[in-house]
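Descriptive analysis of the structure
So you can see what is in the structure, the chains are spelled out below.
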Amino acid sequence: MGKTSIVKIMERASGHPVKVGDRVWCNIDWATCRDFGGANAVLLFEKEMGKEAKVWDPDKLAFTFDLQAPAHSEKVATNQKIIREFCKRQGVKRVFDINHGIGQHVMLEAGMIKPGDVVLGTDSHMNLLGSVGAFATGVGNSDIAASYIAGKNWFRVPETMKIEVTGKFKKGVCMRDLLTHIIGDLGAGGMDFLAVEFTGETIENSSLNERITLCSMVTEMSGKVPLIMPNGEVLKWLVERAGPEVEKLAKELKADPDAEYCKVLHYDVTDLEPLASCPDAPDNVKPVREIAGTHVDQVHIGSCSNGRYEDIAAAHRVLMAGGGKVSPTVRTIITPSTTEVQLRCVEEGLAADFLKAGIVFTNPTCSLCTAEHYGAMPAGDVGCSTTNRNFIGKVGKGSHTYLMSPMTAMATAVKGCITDPRDILK
Amino acid sequence: MSEILKGRAWVFSDDVDTDLIYHNKYLAETDPKNMPQYAFEYYPGKENFAKEVKPGDFVVAGKNFGCGSSREHAVYCLEYAGVPCVLAETCSRIYYRNAINNGYPVLFVKGISEAIKEGKIKDGDQLEVELSTGTIRDVTNGNTFHGDAVSDLENDIMEAGGLMNYMKAKVGAK
Amino acid sequence: MGKTFAEKVLGRAAGYEVTANQVVTVEPDFCMSHDNGAPIARTFKKIGVTNVKYPERICLILDHAVPAPTSDHAVNHKEVREFVAAQGIPNFYDVKSEGGVCHQKMCEEGYALPGLVMVGSDSHTCTYGAFGAFSTGIGRSEMAAVWATGKLWFKVPESMKVVVTGKFKPGVSAKDFILKFIGDVRADGADYMSVEFHGEGIENMSIAERMTLCNMGIEFGAKNAVCKPDKKLLDLIKERGNAKSDRWEALWADEDAVYAKEFHYDLGDITPGVAKPHKVDNYSPIEEVKGTKIHEAFLGSCTNGRIEDLRLAAGILKGKKVAVRTVVIPASWIVYRQAMKEGLIDIFLDAGCIICNPGCGPCMGNHEGILAPGEAAISTANRNFKGRMGDKESFIYLASPMTVAASAIKGEISDPREAL
């Protein structure tokens, strides 16, 4: 019988055959931390192992600063400093300081991530790196600190769910809407502990940013790891960044045609319409037209789910089709995911249009998604956001958030109330 | 080991996310001892948990407890408040790892989600929990539940007192 | 006997002739508040008056922490929005790409005008003197009272005359001059006084440079600081065509006015310098601090976040890489857009700087670039008090945009003249 991608990846990482349900020790390719969790991991490692202890391989550590970049609290400033100094002592070179952007995106752009890599990070959305076939997973600081000892960590080999996607999105509808649809369908625990392979023509023809969106939200269904082996344009992009080895890995680690899945689901996007996750849970899904007209105080576009150039460009198209101005009653914030994205927005003129429109265009960071940055909300305010969580009080006690695609978010910013982007993109 | 733990129940719903357990407002904290003061601050109706919880009290929850973030704070804030274990139908993957990695017990209790919804276990109920057998008695209303502790490698890590200790032993570090 | 600028403006506002040390009650033409509009609104409500006296004279500009970094800030902003709506205040700059640092907005949106009396619940309100206004910072309770009554009492200040001749040498700018000046007269050198900048040295300066001078007035104790409303300024006001009041009049001191103190400076003698921790008057020429290790560079604030400042810094940063984290915050979205048009944003990003949205940034320690214990920053802002930008064990060196840019490249305090 054939093997799923995650079985192949874990066999490669552990050096021996594995089967579903096994607990295996895998070699870690990257043990990464953000400015959140990073200081905790570093302090724990030094407390348990001593100040003089060396990490197993400084070239396999990375740190990214995106929780608060730049810091606005002394505590985070101090945590960032603890990390910088640890890295100096340990000879860790990959410190992506406050001028880079969201961790996973920065590491992807830097060519660090290849299919089959085992990547740990103090970010529950680490697994979006499954968009290029890596086994990346969010962990706590103990997992990171323990990995520093010997470069290994334990995993249970998960069952795999397969999701086949067919059809083409209609105008105004995008990958985010499919994802929202799936969350509504499966619920917050719908992928508990599972690996998820996305396949089918829609996926094969999708761009990297679409794959990132899809993979980032698997966390909201408690999935362990989403996997899409690179092909086409994505493969080309990744080979350019991460080297020629990618091609071989993508081929080798692709699931066998006769692999066994615990569940196979099929979605067709042809008739999909714009959707939103309503307050206060990602799986509280409704069509945008049913909530159209809802008053909104703030719109935010960005995050590891939808902060790529293509996401921002899609929002830009809606803005321009809607007359180039956002409603004066809505605070609109756009946060590019990385400096590379920010620079492209500036060079291609999008940023200028945003500023003319009345939009706050920030430096790359996790922004309000971590609640402790741009766009925290007061009690009673309603926000729309392309981020991935709208838990109770997440961005401010007593505030409520609708999650949606960049197109819907911008349509909403233009009209001042929740709006179906198809009403603007006629 | 047949020790019976006794304490009051604090009862929570399904899908309790990490922001409800430990809000992202306080993520910059690095000392676990400072974390209990923020536990459940954002959970509607349980805002006083941190003030009123007593060492020995249990956290009882439905399905998918601890979904969301990777923050280990969500484990520490209960562990350091003296909550001896979490009793939940299921818990999220990362929360599970974080608990195991700290040697912090989580009992998986079949049917507890429904029992919570039906009011068969309520806030303030006196519970008796035998970790070795997984038996949970609600002394207040006489209901009994059964929880499964972890097995396999997870159990070894638990017994070592957490992942750091386990790894240290594995590589022979002092 | 001739009149000083302060005597003329306050006399005009009072409707009769006044002299120094006299107490007058006047109606300020504009009163500005930022995020602290929220606590002021709370105080206002306690006064027991239902409506503000002159809604059109009130300006509210959110800038201290935008977009809100915490829910506490968010609640604060919301209170301001609700007050603005309830009182029908037309001059409100919310979290949008129309805003910026309050003082920059007051100057670029046509509020700051010659001969006006302006107050703000922020100590750097003295910036508007660059536009010939008599402007000064007041407290929150005082501001609540102004909102309620439209009036405020002033003691007509004595005046200091600073006569400036000559031109800056390359690598030197207005910030270097004002830091040197503060070092000379000390932090209380102009306590309670109205400071007038005279001379062809000032007339040669851009309005942006004059704003830097007047902005720093409070750092040597001035009640207000002002430059002569000359042709350069009047042309700018005309060209912009956005004057928000028609009550303005270009007033200036008489030749024979009486001054409590007088100083003379030749700009040709000024060299790059810094204010060392933890006092603004702790001046050193650049030579004495060269090589001091820094961890952060900050370019921005109401003191030095204008397009002219960004141009000077970009001139040094072009084609180079910064060695420390470098936070660049244009003073307003108008400045940001101009910088984008001129390709400056590209230069900063290519150099590895981080470009934040306009606002006060890390200047007063609550946003975008806080310092950790033991860290040192070089900054174009106006204060280096202990702990102002973060931890109480951090250090701030104040300097010009060119010095900040040159230092960012080397990771240590550097002489900008060597980078030109």
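Residues numbered from 1 in each chain as written. Chains lettered and ligands numbered in written order. Predicted model: local features only at pLDDT ≥ 70, side-chain atom pairs only at ≥ 80, totals over all residues.

Details of the overall build of chain B
This is how the line gets drawn: Elements are defined by DSSP. Helices are runs of H or I of four residues or more, strands are runs of E of two residues or more, and each kind is numbered from the N terminus. Within these notes, the globule rule equals 2.2 Å times the number of residues to the 0.38 power, and the radius of gyration is based on C-alpha atoms. Burial in this document is a count-based property: other C-beta atoms within 10 Å of a residue's C-beta are tallied, and the residue is buried at 20 or more, exposed at 12 or fewer, or partly exposed in between, with C-beta positions derived from the backbone. Each residue gets a C-beta atom placed from its backbone, and two residues are in contact if those atoms lie within 7 Å.
A tally of helices and strands in chain B yields 7 helices and 7 strands. The order of α-helices and β-strands along chain B, N terminus first, is β-α-α-β-α-β-α-β-α-β-β-β-α-α. Whereas a compact globule of 174 residues would reach a radius of gyration of roughly 16 Å, chain B reaches 16 Å, a difference of no more than 12%. Oriented by its inertia axes, the alpha-carbon framework of chain B measures out at about 50 × 40 × 25 Å. Every one of the 174 residues in chain B was classed for burial, and the buried ones make up 53%. For chain B, long-range pairs separated by at least 24 residues make up 67% of all intrachain contacts whose partners lie at least 6 apart in sequence.

Examining the overall build of chain C
Assigned secondary structure in chain C consists of 16 helices and 18 strands. Counting only C-alpha atoms, chain C reaches 55 × 55 × 40 Å along its principal axes. For chain C, the proportion of its 420 residues judged to be buried stands at 63%. Considering only intrachain contacts with a sequence separation of at least 6, the fraction spanning at least 24 residues in chain C is 78%.

A look at the sheet that holds strand 7 (residues 144-148) of chain B
Residue and element names in this part refer to chain B. What counts is decided by this rule: Strand pairing is assigned whenever DSSP detects at least two bridges linking the two strands. Lines fitted to the C-alpha atoms define the axes, with helices restricted to the stretch that makes contact. Angles between their N-to-C directions range from 0 to 180 degrees.
The strand order 1-2-3-4-7-6-5 describes a closed barrel built from 7 strands, whose pairing is mixed. This sheet shows a mean twist of 35 degrees between the axes of neighbouring strands, independent of strand direction. Strand direction decides the pairing type here: strand 2 (residues 58-61) and strand 3 (residues 86-88), joined by 3 bridges, are parallel. Residue pairing in the sheet places valine 60 in a bridge with leucine 87 of strand 3.

So, the interface of chain C and chain A
Inclusion rule: Under the scheme applied here, ten amino acids are nonpolar (Ala, Val, Leu, Ile, Met, Phe, Trp, Tyr, Cys and Pro), four are charged (Asp, Glu, Lys and Arg), and all others, including Gly, are polar.
Contacts between the two partners involve 42 residues from chain C and, on the opposite side, 40 residues from chain A. Contributing elements (two or more residues each) for the side of chain C that touches chain A: helix 3 (71-87), strand 15 (325-329), helix 13 (333-341), helix 14 (344-351) and strand 16 (354-355) of chain C. Sorting elements by how many residues they give to the side of chain C that touches chain A places helix 3 of chain C first, with 6 residues. The residue inventory of the side of chain C that touches chain A, partitioned by class, reads 21 nonpolar, 11 polar and 10 charged.

Structural notes on the pairing of strand 18 (residues 400-403) of chain A
All names here are of chain A. Of the two faces of strand 18, both are covered, the one formed by His400 and Tyr402 as well as the one formed by Thr401 and Leu403. The sheet contact formed by strand 17 (residues 382-385) and strand 18 spans 4 bridges and is parallel. Within the sheet, the bridge partner assigned to serine 385 lies in strand 18 and is leucine 403.

Concerning the packing of helix 13 (residues 309-321) of chain A against helix 16 (residues 406-415) of chain A
All names here are of chain A. The following threshold applies: The hand of a helix crossing depends on one turn: near helix anticlockwise from the far one by less than a right angle means left-handed, and clockwise means right-handed.
In contact at an axis separation of 8 Å, helix 13 and helix 16 are set at 35 degrees when each is read in the N-to-C sense. The interaxial crossing formed by helix 13 with helix 16 has right-handed handedness. Between helix 13 and helix 16, the residues in contact are Asp311, Ile312, Ala314, Ala315, Val318 and Leu319 and Pro406, Met407, Ala409, Met410, Ala411 and Val414, respectively. Its residues placed into classes, the contact of helix 13 with helix 16 shows 11 nonpolar, no polar and 1 charged.

Description of helix 15 (residues 350-357) of chain A
Heads up, the condition is: To obtain the arc, one takes the directions from the helix axis to the C-beta atoms.
Within helix 15 of chain A, the full set of buried residues consists of A:Leu350, A:Ala351, A:Phe354, A:Leu355 and A:Ala357. What you see down the axis of helix 15 of chain A is that its buried residues fit within an arc of 160 degrees, all on one side. Among the structural elements, helix 13, strand 15 (331-334), helix 14 (339-347) and strand 16 (360-361) of chain A together with helix 13 of chain C are those in contact with the buried residues of helix 15 of chain A. Just downstream of helix 15 of chain A, A:Gly358 is the residue with a positive phi angle, here 100 degrees.

Examining the nonpolar core
The cut-off we apply is this: Take the buried Ala, Val, Leu, Ile, Met, Phe, Trp, Tyr and Cys residues, join any whose C-beta atoms are within 7 Å, and the set you get is a nonpolar core.
If you look at the biggest cluster of nonpolar residues, it comprises 353 residues, and the most contacted ones within it are B:Val60 and C:Phe348. In terms of residue count, the dominant contributor to this core is helix 12 (residues 307-317) of chain C (7 residues). Dropping the residues within four chain positions of it, C:Phe348 is found in contact with C:Ala314, C:Leu317, C:Val328, C:Cys353 and C:Ile355.

Digging into the sheet that holds strand 4 (residues 91-93) of chain C
All names here are of chain C. Pairing within the open sheet is parallel, and its 5 strands lie in the order 4-3-2-5-6. Only two strands of the sheet have a single partner each, and these edge strands are strand 4 and strand 6 (134-137). The average angle at which neighbouring strand axes cross in this sheet is 15 degrees, direction not considered.

Some points on the environment of C:Asp122
All names here are of chain C. With respect to the secondary-structure elements, aspartate 122 resides in the loop between strand 5 (117-120) and strand 6. Spatially, the C-alpha atom of aspartate 122 lies 26 Å from that of aspartate 230, the residues being 108 residues apart in sequence. Ignoring anything within four residues of it in the chain, the contact list for aspartate 122 reads His34, Cys102 and Gly137.

Considering the confidence of the model for chain B
To keep things clear, this is the line we draw: Every residue is assigned a pLDDT by the predictor, reflecting its confidence on a scale from 0 to 100.
Taken residue by residue, chain B gives an average pLDDT of 93. The fraction at 70 or more is 98%. When pLDDT is averaged over each element of chain B, strand 2 of chain B comes out on top at 98 and helix 7 (residues 163-171) of chain B at the bottom at 89.

Structural notes on the domain arrangement of chain C
Residues and elements named next belong to chain C. So the rule is basically this: Note that domain bounds follow an automatic or database assignment of domains.
Domains assigned within chain C are domain 1 (5-244 + 257-265) and domain 2 (273-419). Facing 33 residues of domain 1, the contacting portion of domain 2 comprises 35 residues. When contributions to the side of domain 1 that touches domain 2 are tallied by element, the ones reaching two or more residues are helix 4 (102-108), helix 6 (174-185) and helix 8 (207-215). The dominant element in the side of domain 1 that touches domain 2, judged by the number of residues it contributes, is helix 6, at 6 residues. For the side of domain 1 that touches domain 2, the class distribution of residues is 10 nonpolar, 14 polar and 9 charged.

Observations regarding the interface of chain A and chain B
Facing 44 residues of chain A, the contacting portion of chain B comprises 37 residues. When residues of the side of chain A that touches chain B are traced back to their parent elements, those giving at least two are helix 2 (38-49), helix 3 (74-90) and helix 5 (141-150) of chain A. Broken down by element, the side of chain A that touches chain B gets its largest block of residues, 7 residues, from helix 5 of chain A. Here the side of chain A that touches chain B is built from residues that sort into 19 nonpolar, 14 polar and 11 charged.

Description of the environment of A:Glu197
Residues and elements named next belong to chain A. When you line up the elements, glutamate 197 lands in strand 9 (residues 195-199). Classification of glutamate 197 by C-beta neighbours within 10 Å gives buried; the count is 25. C-alpha of glutamate 197 to C-alpha of proline 115: the two residues are 82 residues apart in sequence and 13 Å apart in space.

Digging into the packing of helix 5 of chain A against helix 7 of chain B
Definition in use: Roughly parallel covers angles under 35 degrees, roughly antiparallel covers those over 145, roughly perpendicular covers 65 to 115, and oblique covers all other angles.
Between helix 5 of chain A and helix 7 of chain B, the least distance of the axes is 9 Å, while the angle of their chain directions is 10 degrees. The angle between helix 5 of chain A and helix 7 of chain B places the two elements in the roughly parallel class. Of the residues in helix 7 of chain B, those touching helix 5 of chain A at A:Ser142, A:Asp143, A:Ala145, A:Ala146, A:Ile149 and A:Ala150 are B:Leu163, B:Met164, B:Met167, B:Lys168 and B:Val171. When the residues that make up the contact of helix 5 of chain A with helix 7 of chain B are grouped by side-chain class, the tally is 8 nonpolar, 1 polar and 2 charged.

Let's talk about helix 6 (residues 175-186) of chain A
Residues and elements named next belong to chain A. Just so we agree on the cut-off: How far a helix is expected to stretch is found by multiplying one less than its residue total by 1.5 Å.
The end-to-end C-alpha separation of helix 6 is 16 Å, in line with the 16 Å expected for 12 residues at 1.5 Å each. For helix 6, the buried fraction is high: 9 of the 12 residues fall into the buried class. Where helix 6 is concerned, the buried positions are Met175, Arg176, Asp177, Leu178, Leu179, Thr180, Ile182, Ile183 and Leu186. Buried residues along helix 6 sit against strand 8 (160-166), helix 8 (208-216), strand 11 (263-268), strand 12 (275-277), strand 13 (285-287) and helix 12 (303-306). Phi turns positive one or two residues past the end of helix 6, at glycine 187, with a value near 85 degrees.

Topic: the pairing of strand 10 (residues 224-227) of chain C
All names here are of chain C. Neither face of strand 10 is open: one carries Asn224 and Val226, the other Ala225 and Cys227, and all of them are buried. Two strands pair when backbone bridges link them, and strand 9 (residues 194-198) and strand 10 are joined in this way by 4 bridges, in the parallel orientation. Within the sheet, the bridge partner assigned to glutamate 196 lies in strand 10 and is valine 226.

Notes on the environment of C:Ala323
For C:Ala323, the location among the structural elements is in the loop between helix 12 and strand 15. In this structure, C:Ala323 is in contact with C:Ala408, C:Ile409, C:Lys410 and C:Gly411, ignoring residues within four places of it in sequence.

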